Amino acid sequence: MSHKRIPKRKAAAAVGAVVALGAAAILLPSANASQDGASDGTAAAPRTLKAGDASDLATRLSGMLGDAYAGAWYDGEDKRLVVNVVRGEDGMALKARSAGAEVREVDNSMAELEAGAGTLTSEATIPGTSWAVDPRTNKILVTADSTVTGAKWDQLESTVESLGPGMATLEKSAGTFRTFASGGDAIFAGGARCSLGFNVTAGDGRPAFLTAGHCAAAGDQWSDQQGGEPIATVDQALFPGAGDFALLTYDDPATEAPSEVNVGGQTVPIVQAAEATVGQQVFRMGSTTGLADGQVLGLNATVNYPEGTVTGLIQTDVCAEPGDSGGSLFTQDGLAIGLTSGGSGDCTVGGETFFQPVTTALEAVGATLGDGGAAAGDGAAGAEDQAGAGDQAGAEDQAGAEDQAGGQDAGAGQDGAGAQDGTGTDPGRHSGQDSGQDSGLTRTH
């Protein structure tokens, strides 16, 4: 699944490499859950919610419950939002239930969990580590990749133990944390390859798109063909630091930049940007590995890449590989969630993958999704229309799309190999050399 750009001077057909037929079958035959909660918010039973509506409710409850709020996650099987309320806050628990959420009483407050994450930042910022609050366990999930051994592992382990019992869980990853740059649609610059994330409209009205910030270090001008003429120029970029995103503006102001994702010859309309919710089912597209799906595991994650620390990311169990950087993370309802940053593992053994939240990137660069539409008020209608889009492609049709993508996009993966021979040409590694000057949001021209 990739985005497509359609210059008026020519039609450009971009077919994503849909290698995960199972994921595609889940995505396209969209089955939206109904909302059956009482409108007055007094129903005793939790409301049945779509993932997007659950995210909105979690945001409202976070502000409503104050210090009693200790995180939330989406139960995809029962279509419910589960909210953690600090034990003893009975009044706040009642408010959450009245709003339609399922309530679970927990011991660790959000303030305590965030303080623990702060300790990890000050005492254990080691390349190859990450941490994020996991509301399902009411603990901080700390992960170390295969490079964290010896004294580094001892330092990390002792820091986790210092937080006290019941505050954190330490896990080991078999892979290595790295940015997934090398090669939505494939884009190329300076021998490097990334993926287009979402088409947007820049603050001055120019057509543009979002991708990963570490990709921008490979060059200012990007093409949609390896060795081809540039089609877009980097306008703003951030990596490492408080995010991993870049805004590129199309060089041709007449370029049409539709707010949609191409899924093997069909398109999924992207109706609006939305916040992620733990437990939410999400789909990722990259030109190297095609379509993959999984769940959101944590929010506001900190990842210590070899190039530097990045904060504010979404942690998932969706697989990705070099070449998928910048690609789209979205939902079957057509919600834009994130941009692929990096992680560990691959799409054979799995692993962790981290994403830049789209909402944060849009706010930082002053852009709007698509051609300036996708206002929040349009989200419900767009989500309902998704069912129609799914109905257009049955399971049998998906097999055909899979065959088509497999044949046409085999070359995309091979092209990426040229850019990803080793990770020395990885744009993220170039960014690491400039981490000092790239620690803030910058305009490159």
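Here the structure is shown first, and the text comes after it.
Since we're looking at a predicted model, the values are computed, not measured.

A. View of helix α2 (residues 51–65). Between its terminal C-alpha atoms α2 stretches 21 Å, which fits the 21 Å expected from 15 residues at 1.5 Å a residue. Of the residues making up α2, those classed as buried are Ala-51, Gly-52, Ala-54, Ser-55, Leu-57, Ala-58, Leu-61 and Leu-65. Packed against the buried residues of α2 are β1 (69–75), β2 (80–86), α3 (90–98) and β22 (335–343). Residue Gly-66 follows α2 closely and has a positive phi angle near 60 degrees.

B. Broad picture of the packing of helix α4 (residues 110–123) against helix α5 (residues 150–162). As a packed pair, α4 and α5 sit with axes 10 Å apart at the nearest point and diverge in direction by 155 degrees. In terms of orientation, α4 lies roughly antiparallel with respect to α5. When you trace α4 past α5, the crossing you get is right-handed. Packed against α4, whose contacting residues are Thr-119, Leu-120 and Glu-123, the element α5 presents Gln-155, Leu-156, Thr-159 and Val-160 at the interface. The residue inventory of the contact of α4 with α5, partitioned by class, reads three nonpolar, three polar and one charged.

C. Quick look at the environment of Ala-51. Residue placement: Ala-51 occurs in helix α2. Spatially, the C-alpha atom of Ala-51 lies 9.8 Å from that of Trp-73, the residues being 22 residues apart in sequence. Residues in contact with Ala-51, not counting those within four places in the same chain, are Tyr-74, Thr-277 and Gln-280.

D. Fine view of the state of the cysteines. This structure, assessed with the given rule, holds two disulfides. Linked covalently through their sulfurs, Cys-194 and Cys-215 form a disulfide whose S-S length is 2.0 Å. Because the sign of the S-S torsion sets the handedness, a value of about -100 degrees for the bond joining Cys-194 and Cys-215 places this disulfide among the left-handed ones. On the criterion of sequence distance, the pair formed by Cys-194 in strand β9 (residues 192–195) and Cys-215 in the loop between β11 (207–211) and β12 (221–222) is long-range, its members being 21 residues apart.

E. Just the packing of α2 against α3, in detail. Running from N to C, α2 and α3 cross one another at 155 degrees; their axes reach a closest spacing of 11 Å. Judged by the inter-axis angle, α2 sits roughly antiparallel to α3. For the pair α2 and α3, the sense of crossing is right-handed. Mapping the contact onto sequence places Leu-61, Met-64 and Leu-65 in α2 and Met-92, Lys-95 and Ala-96 in α3. Classifying every residue of the contact of α2 with α3 gives five nonpolar, no polar and one charged.

F. Focus on helix α6 (residues 358–365). Among the residues making up α6, those that are buried are Val-358, Thr-359, Ala-361, Leu-362 and Val-365. Mapping the buried residues of α6 onto a view down its axis gives an arc of 165 degrees, with all of them on the same face. Of the residues flanking the end of α6, it is Gly-366, one or two places downstream, whose phi is positive at about 75 degrees.

G. Spotlight on the pattern of salt bridges. Within this structure, the stated rule accounts for seven salt bridges. With a shortest N-O distance of 2.9 Å, Asp-107 and Arg-87 are connected by a salt bridge. With Asp-107 in the loop between β3 (102–106) and α4 and Arg-87 in the loop between β2 and α3, this pair connects stretches of sequence that are 20 residues apart. Here Arg-136 ties to Asp-134 by a salt bridge, and the two come within 3.6 Å at their closest N and O atoms. A cluster of three or more residues bridged by salt bridges with shared partners is formed by Arg-87, Glu-105 and Asp-107.

H. Just the side chain of Thr-159, in detail. Relative to the helices and strands, Thr-159 is located in helix α5. Side-chain polar atoms of Thr-159 contact the backbone oxygen of Gln-155, separated by 2.8 Å. Sequence-distant contacts of Thr-159, defined by excluding residues within four places in its chain, comprise Thr-119, Leu-120, Glu-123 and Ala-124.

I. View of the sheet that holds β2. One open sheet accounts for three strands, arranged β1-β2-β3; its pairing is mixed. Of all strands in the sheet, those with a lone pairing partner are β1 and β3, marking the two edges. Neighbouring strand axes in the sheet, compared pairwise and without regard to direction, differ in orientation by 25 degrees on average. Relative to β3, β2 runs parallel, the two sharing five bridges. Residue pairing in the sheet places Asn-84 in a bridge with Arg-104 of β3. Against the sheet, α3 makes contact with β2 and β3, and its axis sits at roughly 155 degrees relative to β3, the strand it touches most.

J. Quick peek at the pairing of β2. Within β2, six of the seven residues are buried, which leaves it mostly tucked inside the rest of the structure. Examined bridge by bridge, β1 and β2 share five bridges and lie antiparallel to one another. By the bridge assignment for β2, Asp-75 is matched with Arg-80. Between β1 and β2, which pair antiparallel one after the other, the connecting turn spans four residues, and Lys-79 there sits at a positive phi close to 60 degrees. Between the parallel elements β2 and β3, the chain passes through α3 in a crossover that is right-handed.

The rules behind the values
Sequence order as written defines the numbering, with residues in each chain counted from 1. Owing to the predicted nature of the model, reporting of local features is limited to residues with pLDDT of at least 70; listing and counting of side-chain atom pairs is limited to 80 or more, with chain, interface and lining totals taken over all residues. Values shown for side chains rest on all heavy atoms present in the structure; no hydrogens or waters enter the calculation. The secondary structure listing takes helices from DSSP runs of H or I that are at least 4 residues long and strands from runs of E that are at least 2 residues long, numbered from the N terminus. The span expected for a helix works out to 1.5 Å for each residue beyond the first. The buried label goes to any residue with under 20% of its type's maximum accessible area, the exposed label to any with over 50%, and the partly exposed label to all in between, with areas taken from a 1.4 Å probe on protein chains only. Note on definitions: a residue-residue contact is assigned when non-hydrogen atoms from the two residues lie within 4.5 Å. Interaxial angle, 0 to 180 degrees, is taken between N-to-C directions of lines fitted to C-alpha atoms, where a helix line uses only the stretch in contact. Here the angle decides the label: under 35 degrees means roughly parallel, over 145 means roughly antiparallel, 65 to 115 means roughly perpendicular, and every other value means oblique. Should the near helix be turned anticlockwise from the far one by less than a right angle, the crossing is left-handed, and should it be turned clockwise, the crossing is right-handed. Throughout this entry, Asp, Glu, Lys and Arg are counted as charged residues, while Ala, Val, Leu, Ile, Met, Phe, Trp, Tyr, Cys and Pro are counted as nonpolar. The remaining residues, Gly among them, count as polar. Criterion for a disulfide: a pair of cysteine sulfur atoms within 2.5 Å. What the arc measures is the spread of directions leading from the helix axis to the C-beta atoms. Salt bridges are defined as contacts in which a side-chain nitrogen from Lys or Arg sits within 4 Å of a carboxyl oxygen from Asp or Glu. Between N or O atoms, a polar contact is any pair within 3.5 Å; within protein, one atom must be a potential hydrogen donor and the other a potential acceptor, and residues adjacent in sequence are included only when both atoms are from side chains. Here, strands pair whenever DSSP counts at least two bridges between them. Looking down the strands as they point away from you, a crossover is right-handed if its path from the first strand over the helix to the second goes clockwise.

Interpretation note: all reported values are geometric properties and have no functional meaning in isolation.
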